[in-house]
Amino acid sequence: EYTERTYIMVKPDGVERGLVGEIIKRFENKGYQLVAIELFKAEKTILEEHYKDLSGRSFFPRLIAYMQSGPVVGMVWQGKEVVKTGRLLLGATNPLESAPGTIRGDFCVDVGQNLCHGSDSVQNAESEIKLWFPRGVTQWKRERLDSLLYE
Ligand code: DAT
Ligand code: MG
């Protein structure tokens, strides 16, 4: 049983462009398990906590404003090495450097509108999951599919 989890968020441009399904589809196709999902307007204080490592950067105010420009879709996905592989599915931060076949590589061009977020370490993933889903996520064991996906 693989219990690693990551926080994936479709940003406001991804929601407005109708790419929520496409992004979910790529995580489903890979075999990851959805354990939480919600559409909401991100609160400023939570965004500032989420992006606190970037608070000194010149683009920080623009980033926070962009993330509040419309609703986001927050999700928690679970499975073997989902943190690292989730970021591979997203592609490089700068979409001009994201490989074709990745979400950012296929659907966007600007680092300031790069469609999606994915946690960058297991430890940050757990902090982000607590931050965005304080009531917790759904516990469920996917017995039948897991037996086809994992040894
Ligand atoms: P990632 O989202 O790939 O984890 P990050 O954590 O370094 O990248 O930055 C968070 C977000 O901030 C990123 O998705 C887009 C924005 N950002 C990062 N670097 C930027 C830059 N140089 N100019 C504008 N926005 C930037
Ligand atoms: Mg990051």
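What counts, and at which threshold
Residues numbered from 1 in each chain as written. Chains lettered and ligands numbered in written order. Predicted model: local features only at pLDDT ≥ 70, side-chain atom pairs only at ≥ 80, totals over all residues. Heavy atoms only, no water. UniProt positions renumbered as here; feature names shortened; annotations may be inferred. Helix = DSSP H or I, 4+ residues; strand = E, 2+ residues; numbered from the N terminus. Contact = heavy atoms within 4.5 Å. Buried < 20%, exposed > 50% of the residue type's maximum accessible area, 1.4 Å probe, protein only. Near = heavy atom within 4 Å. Polar contact = N/O pair within 3.5 Å; in protein donor to acceptor, adjacent residues only side chain to side chain. Areas by Shrake-Rupley, 256 points an atom, 1.4 Å probe, with all protein chains shown as cover. Nonpolar A, V, L, I, M, F, W, Y, C, P; charged D, E, K, R; others polar. Salt bridge = Lys/Arg side-chain N within 4 Å of Asp/Glu carboxyl O.

Thoughts on the UniProt feature "domain: Nucleoside diphosphate kinase-like" (unreviewed entry) in the protein
Here is step 1: The feature "domain: Nucleoside diphosphate kinase-like" (unreviewed entry), as given by UniProt, occupies residues 3–140 in the numbering adopted here.
Here is step 2: Secondary structure content for residues 3–140 is 41% helix and 17% strand, while the C-alpha to C-alpha distance between its ends is 11 Å.

A short note on the UniProt feature "binding site: ATP" (unreviewed entry) in the protein
Here is step 1: Under the UniProt annotation, "binding site: ATP" (unreviewed entry) lies at Lys 11, Phe 59, Arg 87, Thr 93, Arg 104 and Asn 114.
Here is step 2: With respect to the element layout, Lys 11 can be found in the loop between β1 (5–10) and α1 (12–16).
Here is step 3: The residues touching Lys 11, leaving out its near neighbours within four places in the chain, are Tyr 51, Tyr 66, Met 67, Pro 71, Val 72, Arg 104, Asn 114, Leu 115, Cys 116 and His 117.
Here is step 4: Overall, the relative accessible area of 43% leaves Thr 93 in the partly exposed class.

A short note on the site of ligand 1
Here is step 1: Contacts to ligand 1 come from Lys 11, Tyr 51, Leu 54, Phe 59, Leu 63, Arg 87, Thr 93, Arg 104, Val 111 and Asn 114.
Here is step 2: A distance of 2.8 Å is found between an oxygen atom of ligand 1 and a side-chain nitrogen or oxygen belonging to Asn 114.
Here is step 3: Out of a free accessible area of 520 Å², ligand 1 has 75% covered by protein chains.
Here is step 4: A class-by-class count of the residues in the shell around ligand 1 yields five nonpolar, two polar and three charged.

Quick word on the pattern of salt bridges
Two side chains of opposite charge can pair, provided their charged atoms sit close to one another.
Here is step 1: As enumerated under the stated definition, the model contains eight salt bridges in all.
Here is step 2: The residue Glu 48 makes a salt bridge to Lys 44 at a minimum N-O spacing of 3.6 Å. Placement of the pair is Glu 48 and Lys 44 together in helix α3 (residues 44–50), with a separation of four residues, close to one helical turn.
Here is step 3: Residue Lys 44 is classed as partly exposed on the basis of its relative accessible area of 46%.
Here is step 4: Residue Lys 52 pairs with Glu 49 through a salt bridge whose shortest N-O separation is 3.2 Å.
Here is step 5: Its relative accessible area of 47% is what places Lys 52 among the partly exposed residues.
Here is step 6: Each of Glu 22, Arg 26 and Asp 106 takes part in salt bridges that share partners, so that together they form one network.

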